Amino acid sequence: IRNEGHGISDALNVGIAHSRCEYIARMDGDDIAVQDRLSRQVDFLDRNPQINGVGGQVERIDAEGNMIGVGRYPIEPADCSAFIRLGSPYCHPAMLLKRTAVTAAGGYRRQFDGAEDLDLWLRMLKHGSLCNLDKTLLRYRIHPHSVMASRSDKPLIAEIAVRLADRFGDAAGDRVARASVLKD
């Protein structure tokens, strides 16, 4: 499968379109899943049909794999839904999502690249719940070229656009996203 130069949202949507499974696991190539990550998540979703996706806790590691911190996320769906007004309550590479819920929400939207995950979470939460396990599921690599380490304004502008779209409708978020692209 090839999707060169079309952005993260398009790449994710191409992967989803080619998938044939019930669940979608999204992870960066340089991150490390704990050994039983997927079995824990699949078991949880199978036992909780009202939940459309589940993430977990993360260890942050440097380029060499040394632990440099932890990412703690809310556990319960209500706590995650409350926290999303302040920041993302989920680590995107640690999520396992129901394919039907992702496609029902419209998948990833390219105009929000940089905050494509937050945009998807907000739309998915209108149709069901997402939560996290209280277990470390991922070793999340931070390096000088990662989005998290980047000093770019693009993810922040994309997050603002997503929040405007969620609050005032897609047209408001689209205007900010387009203005950001024109600025680049």
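Residues numbered from 1 in each chain as written. Predicted model: local features only at pLDDT ≥ 70, side-chain atom pairs only at ≥ 80, totals over all residues. Heavy atoms only, no water.

A. Region of interest: the pattern of salt bridges. Taken as a whole and judged by the stated rule, the model has 8 salt bridges. For the salt bridge of D10 with R110, the shortest nitrogen-to-oxygen distance reads 3.0 Å. Of this pair, D10 sits in helix α1 (residues 8–18) while R110 sits in the loop between α4 (99–104) and α5 (116–124); the two residues are 100 residues apart in sequence, bridging distant segments of the chain. Under the relative-accessibility criterion, R110 is labelled exposed at 55%. (Salt bridge = Lys/Arg side-chain N within 4 Å of Asp/Glu carboxyl O. Helix = DSSP H or I, 4+ residues; strand = E, 2+ residues; numbered from the N terminus. Buried < 20%, exposed > 50% of the residue type's maximum accessible area, 1.4 Å probe, protein only.)

B. View of the packing of aromatic side chains. Taken as a whole and assessed by the stated rule, the structure comprises 1 aromatic pair. Taking 5.5 Å as the distance between ring centres and 75° as the angle between the ring planes, the aromatic pair formed by Y90 and W121 counts as edge-to-face. Taken together, the positions of Y90 in the loop between α3 (77–83) and β5 (96–98) and W121 in helix α5 put the pair 31 residues apart, joining distant regions of the chain. Comparing Y90 with W121 shows no difference in burial state: the two are buried. (Phe/Tyr/Trp six-rings, centres within 6.5 Å; stacked < 30°, edge-to-face > 60°.)

C. Representation of the environment of Q35. On the secondary structure map, Q35 appears in the loop between β2 (32–33) and α2 (37–47). Judged by relative accessible area, Q35 falls into the exposed class, the value being 85%. Between the C-alpha atom of Q35 and that of L137, which follows or precedes it by 102 residues, the distance is 8.3 Å.

D. A look at the pairing of strand β4 (residues 67–71). Here strand β3 (residues 51–61) runs beside β4; their pairing, made up of 4 bridges, is antiparallel. Residue R60 lies in a different strand from β4, and its bridge partner there is G69. (Pairing = 2+ DSSP bridges.)

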